[in-house]
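The chain contents come next:
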Amino acid sequence: MEVNKFEDVFEGKLAKNEMVEPKDWMPDNYRKHLIRQISQHAHSEIVGMLPEGNWITRAPSLRSKVVLLAKVQDEGGHGLYLYTAAETLGISRDELLDNLHTGKAKYSSIFNYPTLTWADIGAVGWLVDGAAIMNQVMLQRTSYGPYARAMVRICKEESFHQRQGFEIMTRLAFGTEDQKAMAQDALNRWWYPTMMMFGPPDAESPNSENAMKWRIKRETNDQLRQRFVDQTVPQVQYLGLTVPDANLKWNEAKKGYDFSEPNWVEFKNVISGNGPCNKERLAARNKAHNDGAWVREAAQAFAKKRNEIYVAA
Amino acid sequence: MLKQVQHDIKTLSNLCEKPLCSLRLKKKNKMTTQDALFQYTLRLGDTNLILGQRLSEWTGHGPFLEEDLALTNIALDITGTAKSLLEYAASIEGKGRTEDDLAYFRNDRQYFNAQITEQPNGDYARTIVRQAIIDCFDFYFYNELAKSKDETLAGIAQKSIKEVTYHLRHTSSWVERFGDGTEESHNKAQTAVNELWQYTGELFEMNEVDAVLIKEGIAVDLNIVKAKWEKHITELLEKSTLTKPENVFMQTGSRKGIHTEHLAYILAEMQALPRMYPDAKW
C-alpha cells in the first residue's frame, strides 16, 4: 500500500468516527501532536500532585485528610494511565520524564500557582478540576483509542473530585466569617488562572486547527471558556460569593455571560517559566526523581541477581 | 468574645481532664474497663494517625510514580484506620468529643503513639524499614485483636488485616531489594535498621491499661505478638542480608505520653488550622 492509501484509511476512520489504534498507520504530525498532548496531560497530573499534596498534612479534619490523600493518589493514577497511553505511540517513560525534568515539555500552567490556604484546595477541586473536565469530556471521544479509553476513567474520577472541591467550598462559604472570607479570597485568586486553562483566544491558538481536524479536540478554546463561565456563575451565586469581575453580565442575546478576558500577558509569562511556582514545581519533580535514582537502581540490581539465581537453578 | 472564652475553657478542661483523671484513678482505685478501653483505643488511633501523617509527607515526592502511589495508598489505609479508632475512642469517652477533637486538640504529652511512628522519614530506605517493622507488628497484632471480645475493635482489626497483609508484603519486598540490591541501598537499609531498632522495644510494652483489658478478653497480649514479630523480622533481615542489631538499649515513654522531639512539630503542622479557627467546622 502506498502512503496515499494509508492516509485514505486513516482519514476514513476519522470520517466514520472510528478509533485509531496503536498499530494503525497514522501521519507523523498526528503522532507528534498526540505525544505532546498526552504527555503534557500526564505531566500536569503529576505536577498537580504538588500544590494539592501541599495541604495533606494540614487538612483540618480527618475526613478531609483521607479524601485529599485519595484525591492526590487518583491524580497520580491518571498520570500513570496517560504515560502508558503515550508509550503506545512509541516513546519511553524515561524520555517523557526527561522532557519534563529539563523543562522541554510543558504541563498545565495552573499548577504554577500556589495553594496558600485550605480554601485553595476547595477552589482547585471545584474550579480547576471543573475546567479540566470541560476540556476532557470531549476527549473521551477523541480519535486515538488508548487516549479516549484512559479519559473515560479519568473523567469519572475528576467529576468526583470536582464535587469534593465544591463540598469544601460549601462548608467554608456557609461557615464562619473567617471561613467565608477564605473562600472568597481563593475564588479571587483562582478565577482568572482557571479561565486561562482553556488556552489562548481561538484567533491566537496555534495548535487548535489540526487538533479539531483530527478529532483530538472537538470544541474551541473560546467555546469551552464561555461554557465554563456560564456553568460556574450560578454555583458562585449559590455559595453567596462574588465573581471577581466587574464586567460579568448576563447577555440575553447570546444566552450566556459577558465577562472579562484573563490577563494574557500573565498567561504567556507563566507558560514561559515566570509564574509564581514554576521553578519550585520543577525543582520538586527533579529532586524526587534524583533522590529516587538509587531506589530504582537497587530494584534493578536485585531483579538481575534474582534472575541469575533463577536461571542458574 | 464570651463564646470564645467559654470554648477555650471547655477545650482546656477537656484537655486537662483525661490524663490527670486517669492518673488519679490509678492511685485511688482500679482503672475501670471503660477508662482502659478509651486509653487503649486512643493509643492505637494515635499510632496510626502519626504514622499516616509521616507517610503522607511522601505523596508527590516518591522515588517513582508506581511507588508514590503505593506508599500513598498505605498512608490512606492507615489514616483511615486512625479515623475509625479515634471515632471509637471518642464514643467510649462519651463526653461529646469527636475524632477531630481528639486529633486536633490534644498536645504531644496527651498523645500515646509509639515513638517509632513519629521518627522522620529520612531517605526511602529509612521510611521502608520503619514501615516494615510496624507492618510486621501490625500484622500479628491485628490478627490477635480480631479475636477481641470488643466487637468494634475486632471489626476494625478485621478490616486492617486485609490492608496490613498487603502493606507487609510490599514493604518486605523493598527491604529485600534494598538489603540485597546495591551496596548503597544495602548501607542505607542497614543504617536505618541500626538507628530505628531502639524504638522497637516500646511496641511491646504493656501497662495497667493492657492488664485490665487482657483480663476482659479485649486487649492483645503483646508477648504473643512479640514472639511472632521477632521470628518474622529476623527471617526478613536474614533474607535481605541485613544484620539484626543485638543488645540495643530501648527507648521508652509513649505509654506515658512522653515522646521524641519530633512529635510536637508534627502536631504543630497538623493542628494549626483547627486551632487557629476553633469555632469553624470543616
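Residues numbered from 1 in each chain as written. Chains lettered and ligands numbered in written order. Predicted model: local features only at pLDDT ≥ 70, side-chain atom pairs only at ≥ 80, totals over all residues. Heavy atoms only, no water.

Draft legend 1. Spatial organisation of the overall build of chain A. For chain A, the count of helices and strands is 12 helices and 2 strands. Listed by position from the N terminus, the elements making up chain A come as α-α-α-α-α-α-α-α-α-β-β-α-α-α. Relative to the globule expectation of 20 Å for 313 residues, the C-alpha radius of gyration of chain A, 21 Å, shows essentially globular dimensions. A total of 313 residues make up chain A; the buried ones form 54% of that total. In chain A, once contacts between residues fewer than 6 apart in sequence are set aside, the share between residues at least 24 apart is 77%. Carbon and sulfur atoms make up 54% of the accessible area of chain A, which totals about 14,200 Å². Averaged over its 40 positive side-chain charges, chain A has a centre that lies 4 Å from the centre of its 39 negative ones. (Helix = DSSP H or I, 4+ residues; strand = E, 2+ residues; numbered from the N terminus. Rg over C-alpha atoms; globule rule 2.2 N^0.38 Å. Buried < 20%, exposed > 50% of the residue type's maximum accessible area, 1.4 Å probe, protein only. Contact = heavy atoms within 4.5 Å. Areas by Shrake-Rupley, 256 points an atom, 1.4 Å probe, with all protein chains shown as cover. Lys, Arg positive; Asp, Glu negative; His and termini not counted. Charge placed at Lys NZ, Arg CZ, Asp CG, Glu CD.)

Draft legend 2. Fine view of empty space enclosed by the protein. Residue and element names in this part refer to chain B. On inspection of all chains with the given rule, the structure shows 4 cavities of 30 Å³ or more. The computed volume of the largest cavity comes to approximately 160 Å³. Forming the boundary of the largest cavity are 13 residues, of which Arg43, Leu44, Thr47, Phe137 and Leu203 lie nearest the centre. Those elements that place two or more of their residues in the lining of the largest cavity are helix H2 (33-56) and helix H6 (124-145). Looking at side-chain class alone, the lining of the largest cavity contains 9 nonpolar, 1 polar and 3 charged residues. (1 Å grid on protein atoms, 1.4 Å probe; cavity = no way out; pocket = protein on both sides within 12 Å on 5 of 7 lines; lining within 4 Å. Points joined across faces, edges and corners; volume = space filled by probe spheres on them. Nonpolar A, V, L, I, M, F, W, Y, C, P; charged D, E, K, R; others polar.)

Draft legend 3. Main features of the interface of chain A and chain B. Taken residue by residue, the interface counts 45 residues in chain A and 49 residues in chain B. Taken together, both faces of the contact between chain A and chain B bury some 4,000 Å²; the carbon and sulfur share is 69%. The largest per-residue losses of area from chain A upon contact with chain B belong to Thr57, Leu62 and Trp294 of chain A, which jointly make up 19% of the total buried on that side. If you look at where chain A meets chain B, you find 4 salt bridges. Across the pair Arg93 of chain A and Glu66 of chain B runs a salt bridge whose closest N-O atoms are separated by 2.5 Å. For the side of chain A that touches chain B, the elements supplying multiple residues, two or more each, are helix H2 (28-53), helix H3 (62-87), helix H6 (145-173), helix H7 (177-196), helix H11 (278-291) and helix H12 (293-312) of chain A. Top element by residues in the side of chain A that touches chain B is H3 of chain A. It accounts for 13 residues. Split by residue class, the side of chain A that touches chain B holds 25 nonpolar, 9 polar and 11 charged. (Buried area = accessible area lost by both parts, 1.4 Å probe. Salt bridge = Lys/Arg side-chain N within 4 Å of Asp/Glu carboxyl O.)

Draft legend 4. Representation of the nonpolar core. Among the nonpolar cores identified, the biggest contains 173 residues, and Trp118 of chain A together with Tyr40, Phe141 and Phe178 of chain B are the most heavily contacted of them. A per-element tally of this core places helix H3 (residues 65-93) of chain B first, with 14 residues. Setting aside its immediate chain neighbours within four residues, Phe141 of chain B contacts Tyr40, Leu44, Val220, Leu222 and Val225 of chain B. (Core = buried A, V, L, I, M, F, W, Y, C linked by side-chain atoms within 4.5 Å.)

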